[in-house]
Structures are given as structure tokens and as C-alpha cells.
Amino acid sequence: TYTGRIERYVETMSKVQNLEQLQPEKITVSAADLNVDMKKVLGFAVAESGKQLDYHGLPDTIKLTMDKEMLFQITENLTANALRFAKQVVSVIFSVEDDYLKLVIADDGCGFPMELLENGNRPFHKGTEEADHFGMGLYICDLLCCKHGGSLKIANNATGAIACVFLKIS
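Because the structure is predicted, anything quoted here is derived from the model rather than measured. Within any chain, residue numbers begin from 1 and follow the written order of that chain's sequence. Local features in this predicted model are restricted to residues whose pLDDT is 70 or higher, and side-chain atom pairs enter the listing and the counts only when it is 80 or higher, whereas totals over whole chains, interfaces and linings include all residues. Remark: hydrogens and water are excluded; side-chain values derive from all non-hydrogen atoms of the structure.

Caption draft 1: Summary view of the overall build of the protein. If you tally the helices and strands in the protein, you get 5 helices and 7 strands. Counting from the N terminus, the helices are DSSP H or I runs at least four residues long and the strands are E runs at least two residues long. Of the regular secondary structure in the protein, the N- to C-terminal order runs α-β-α-β-β-α-β-β-α-α-β-β. Relative to all contacts within the protein whose residues are 6 or more apart in sequence, the contacts with residues 24 or more apart total 69%. Within the structure as shown, the protein displays about 9,200 Å² of accessible surface, and the carbon and sulfur contribution to it stands at 52%. Contacts were defined at the residue level, with two residues in contact if any of their heavy atoms lie within 4.5 Å. Surface exposure here means Shrake-Rupley accessible area, sampled with a 1.4 Å probe, where a residue is shielded only by the protein chains that are shown.

Have a look at this one:
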């Protein structure tokens, strides 16, 4: 068990180092294609969790210039976190505001711990003491958002946790 944990840790650190050097490869994608692909990808995680996904994609007529892989990595990570802590429902909502793609992921769980909210998205900050998680997910998402000219904000609302992503799309 310990050896497996060390292997996962080394893989995580290698991934972070590669992500720090990564630059966005922006292409033009249609919202219609993005919605179809996103629903498929998120569908697997939702099916395993036994929880409900409330998905609101972009209107099919919109075109976006962005790094699709970065968006998928961010969305998958934040949705997986939300599914871990949700009681029943996770919402994934996309919209466009000015020159940014906005992604809001919310759950109906217990919210982010205050220490995590106060210390921000730093590496190795975890919401729980689960041995399988190293506290790198939010840091990686924040890093990718910054690389894409955007930001990641986390907060609690009346019903649980909320993560808000902005990615520059022009």
C-alpha cells in the first residue's frame, strides 16, 4: 500500500512539473461538439458515483477559441471533487462572459473547509485526510486556469461548495 502511494505521489509531481511548462494550444471549437464530448466524459464519473449531474452547456451556435484539453482537465478534476463530497447532486454550468468562458461547478455537500478557503489553491492542501489524495487537484486547476489567461475561485454557498473557473477564449 505504501509503495503504491509513493508511486502515485511521484506520478503526481511529474505531472505538475510538466503542467508548469505547458502552454495553451488554442483551437476553435463549436459549443455543440464541446457539449457532446463533455457530457460523455462527465457521464462516466457520474455513473460510478451514483449521484446526479445537472449539466447546463453552452448554446450550440457558439464558437470558442481555447485549449480544449485544458478545459477538460479542469472540468473533470473539479467535477470529480464535487462528486466525492456531494450528497446527491452536482451542477456543471457553462456560460460566456465578455472574452471568458465561465464554468461553475457546485455540489450539495458540506462545502470547503475554512482552512482551504483561507489558504487558497496551494499545493498539498487537502480538504480531508484521505490517503489517496495529495491535495494537488485545486492547485493543478488553478495553474491551468492561469496558463489559459483566467482564474479559479472557490467558495461555499448555502447548499455546499462552488468552484468558479474563467478561461480567456479570445
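Caption draft 2: Looking closely at the nonpolar core. By convention a nonpolar core is built from buried Ala, Val, Leu, Ile, Met, Phe, Trp, Tyr and Cys residues, the set being connected through side-chain atoms within 4.5 Å. Relative accessible area decides the class of each residue, using a 1.4 Å probe on protein chains only: under 20% of the type maximum gives buried, over 50% gives exposed, and in between gives partly exposed. One finds Leu-71, Leu-78, Phe-94 and Leu-152 to be the most contacted residues of the largest nonpolar core, which totals 38 residues. For this core, the elements supplying multiple residues, two or more each, are α2 (31-49), β3 (63-66), α3 (68-85), β4 (89-97), β5 (100-107), α5 (137-147), β6 (151-157) and β7 (160-168). The element contributing the most residues to this core is α3, with 7 residues. Residue contacts for Leu-78: discarding those within four places in its chain leaves Ile-105, Leu-138, Cys-141, Leu-152, Ala-163 and Val-165.

Caption draft 3: Molecular detail of the pairing of β6. Should DSSP find at least two bridges between two strands, the strands are taken to pair. Taken together, the 7 bridges between β6 and β7 define a ladder with antiparallel strand orientation. By the bridge assignment for β7, Leu-152 is matched with Val-165. Turn length for the β6-β7 hairpin, with the two strands adjacent in sequence and antiparallel, is 2 residues.

Caption draft 4: View of α2. For a helix, the expected span equals 1.5 Å multiplied by the number of residues minus one. Compared with an ideal rise of 1.5 Å per residue, which puts 19 residues at 27 Å, α2 spans 26 Å between its outermost C-alpha atoms and is within 8% of the ideal. Its maximal kink placed at Gly-43, α2 deviates by approximately 30°. Summarising the contacts, the buried residues of α2 are in contact with β1 (27-30), β2 (52-56), β3, α3 and β4. Gly-50 sits one or two positions beyond α2 and adopts a positive phi of about 75°. A residue's bend is simply the angle between two axes: one fitted to the seven residues ending at it, one to the seven starting at it.

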